[in-house]
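Breakdown of the fold
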Amino acid sequence: MGVGVGVRMNSVAVGLSRDLAPKRVMRAVAYGHDLAVWRDGENGLHAWDNRCPHRGMRLSHGFVRGDRLACLYHGWQYRKDGGCAYIPAHPGLEPPETIRAQTYSVIEKSGVIWVSTGNDAQGVDTGPVSEPLRSLTFFCAEAIARAAFEDTPFAGNLPQVESTGRLVAGGHPVAVLANPVTESETLIHVLTSAGVGIAAKKALSRWCEAARSVAERQAA
Amino acid sequence: MSTEYARNDWYVVADVNQLAAGQVVETRLLGQPLRVSGSPDAPLVTTADGTALPAQLRYDHIWTSPGADPRPLPDIAEAAERDRTFVPCGGVRVRCSPLRAVENFLDIAHFPFVHTGILGEEPHTEVAPYKVEIREDVDEVWATQIGFHQPQAAKSATEAIETRYEYRVPAPTTAVLYKTCPPKPEAWDVIAIFVQPLAENECIAWPWMALYDEVTPYADLVQFQQEIFLQDRSILENQKPTLLPLDPRLEIPTRCDLTSVVYRRWLKRKGATYGALTTAA
Ligand code: FES
Ligand SMILES: [Fe+2]
């Protein structure tokens, strides 16, 4: 079992903190919702419905100006609370309050970005196992992806499953976080602990790929 | 989805250069496969079962209509002015509603952000009030008295100018733009977009120009226009929903979107809903 199973989850891991630099925007999926996740200039994190209220452009193609996200199509700028602050075609116009991007609750924990479709994103504390190893897309359902990590040997031995839900593969602690994108596509984030050396990380990375092959073979 | 209105319009399905090169073009129109063959002067458009559809060469493109009683193909008078340079720019395939492609063509507020340094640039983002009307006598949408600051309004432009624009929409998938001609300010350059609806969510945009420009090589004119359309494509393939919403509550326009507002209203009124989202999402 991976982290989170058995725990009542209200949030999903949409990406690794290190993959989103300040003033950048990325596309993400949480519970089937298409999202734009962005960082403002002060490192604040925001997750919005990936749709500009003006003409429906995906906000993940937008750009950050200071503490606002601007849409690529006509440059409309949105404040951190989602409200529209500026319409470049009409610089003198105060945009009506009704123009706002839909916001979601988002936090960072354990080096991971967590989004909730409710209003209280929590995330999972993976303790010392919070060193991001890598993110991979598995073309299979979430349950198959999770099971594949337990069924894939590392250096000849199956990983042990701890009571926390974490795994130990070849003596290295591993947390597997799964984000079901669709019924047949799962985004997996794998964490390990900071003390794990380069060679072991490489071996763990290859083990993740082996797990992906196991999962995708089973799903096929 | 209704093709009832759409079937009786004329659509571009190939350009003259393809037939002149002897190509047989396998394509689609309103979801149905079509074959375009023959020569520019005697084009042949046939459906999958071999039925011949009406075909004609106009504005350097091959047009057809699958309807029993097609409305007239829009007249573009400037096509008869022989001192113009006529430039079919080739097709750009876009995964979006044909109506979204036309609406984008009618939009100027995106120039500084999507065509940065060419058709617009910050801080010149303001769109001054302009006029939009449905001309009932001809059943066309017209937007007039539009002005916009452009760094390079055309290939022939040597400096930034205040460009004047007029837009005309004679059919749901055909739009014509008249804009200031940099080397000949008293005349209008004409740029049209002919949109071929492959399906409700997929189209080919065929830009065509009728310019006063005897200097710029043909290939450069095509490339200029193609570059602009590729920039538009990156927008068009990322609008949600893919279909054009006709319910005014689904997207929020502002003053500069008057052309789009009237275009949507006009489509709705006519029942021209192929490529449109007609129910609230
Ligand atoms: S669609 Fe976002 S600003 Fe127009
Ligand atoms: Fe454009």
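Residues numbered from 1 in each chain as written. Chains lettered and ligands numbered in written order. Predicted model: local features only at pLDDT ≥ 70, side-chain atom pairs only at ≥ 80, totals over all residues. Heavy atoms only, no water.

Looking now at the overall build of chain A. For chain A, the count of helices and strands is 2 helices and 15 strands. Referenced to the eigenvectors of the C-alpha coordinate spread, the extents of chain A come out at roughly 70 × 35 × 30 Å. Buried positions account for 51% of the 220 residues belonging to chain A. Across chain A, contacts joining residues at least 24 apart in sequence account for 53% of those joining residues at least 6 apart. Summed over all atoms, the accessible surface of chain A reaches about 9500 Å², with 50% contributed by carbon and sulfur. (Helix = DSSP H or I, 4+ residues; strand = E, 2+ residues; numbered from the N terminus. Buried < 20%, exposed > 50% of the residue type's maximum accessible area, 1.4 Å probe, protein only. Contact = heavy atoms within 4.5 Å. Areas by Shrake-Rupley, 256 points an atom, 1.4 Å probe, with all protein chains shown as cover.)

Our focus in this paragraph is the sheet that holds strand β6 (residues 68-70) of chain A. A sheet is described by the order of its strands in space; here 4 strands give the open sequence β5-β6-β7-β8 (chain A), paired in antiparallel fashion. The open sheet has two edge strands, β5 (63-65) and β8 (84-86) of chain A, and neither has a second partner. (Pairing = 2+ DSSP bridges.)

What follows deals with the domain arrangement of chain B. Residues and elements named next belong to chain B. Each assigned domain of chain B is listed here: domain 1 (1-73) and domain 2 (83-277). Once you take the C-alpha centre of each, domain 1 and domain 2 turn out to be 23 Å apart. If you look at the interface, domain 1 gives 23 residues, while domain 2 gives 26 residues. A buried area of about 1800 Å², summed over both sides, lies between domain 1 and domain 2, and 58% of it is on carbon and sulfur atoms. At the surface where domain 1 touches domain 2, the tally comes to 1 salt bridge. With a closest N to O distance of 3.1 Å, Glu202 and Arg28 form a salt bridge. Applying the counting rule to domain 1 against domain 2 returns 9 residue pairs in polar contact (both at pLDDT 80 or more). Where the side of domain 1 that touches domain 2 is concerned, the elements lending two or more residues are β1 (11-15), α1 (16-20), β2 (25-29) and β7 (61-64). Of all the elements, β1 adds the most residues to the side of domain 1 that touches domain 2, at 5 residues. For the side of domain 1 that touches domain 2, the per-class residue count stands at 12 nonpolar, 7 polar and 4 charged. (Domains from an automatic or database assignment. Buried area = accessible area lost by both parts, 1.4 Å probe. Salt bridge = Lys/Arg side-chain N within 4 Å of Asp/Glu carboxyl O. Polar contact = N/O pair within 3.5 Å; in protein donor to acceptor, adjacent residues only side chain to side chain. Nonpolar A, V, L, I, M, F, W, Y, C, P; charged D, E, K, R; others polar.)

The reference angle at a metal is 109.5 degrees if four donors form a tetrahedron and 90 or 180 degrees if six donors form an octahedron. Every protein donor of the iron ion (ligand 2) is accounted for by His110 of chain B (NE2), His115 of chain B (NE2), Asp232 of chain B (OD) and Asp232 of chain B (OD), and the metal-donor separations fall at 2.0 to 2.5 Å. Coordination of the iron ion (ligand 2) draws on donor residues from a single chain, spaced H-x4-H-x116-D in sequence. (Donors = N, O, S within 2.8 Å, 3.2 Å for Na, K, Ca; no water.)

The next subject is the pattern of salt bridges. Considering all chains together, one arrives at 30 salt bridges over all chains under this definition. As a salt-bridge pair, Asp139 of chain B and Lys270 of chain B come within 2.5 Å of each other at their nearest N and O atoms. Of this pair, Asp139 of chain B sits in the loop between β10 (131-135) and β11 (140-150) while Lys270 of chain B sits in helix α5 (residues 258-270); the two residues are 131 residues apart in sequence, bridging distant segments of the chain. The class of Lys270 of chain B is buried, set by a relative accessible area of 18%. One salt-bridge network, in which partners are shared between bridges, spans Arg55 of chain A together with Arg100, Glu103, Glu251 and Arg264 of chain B.

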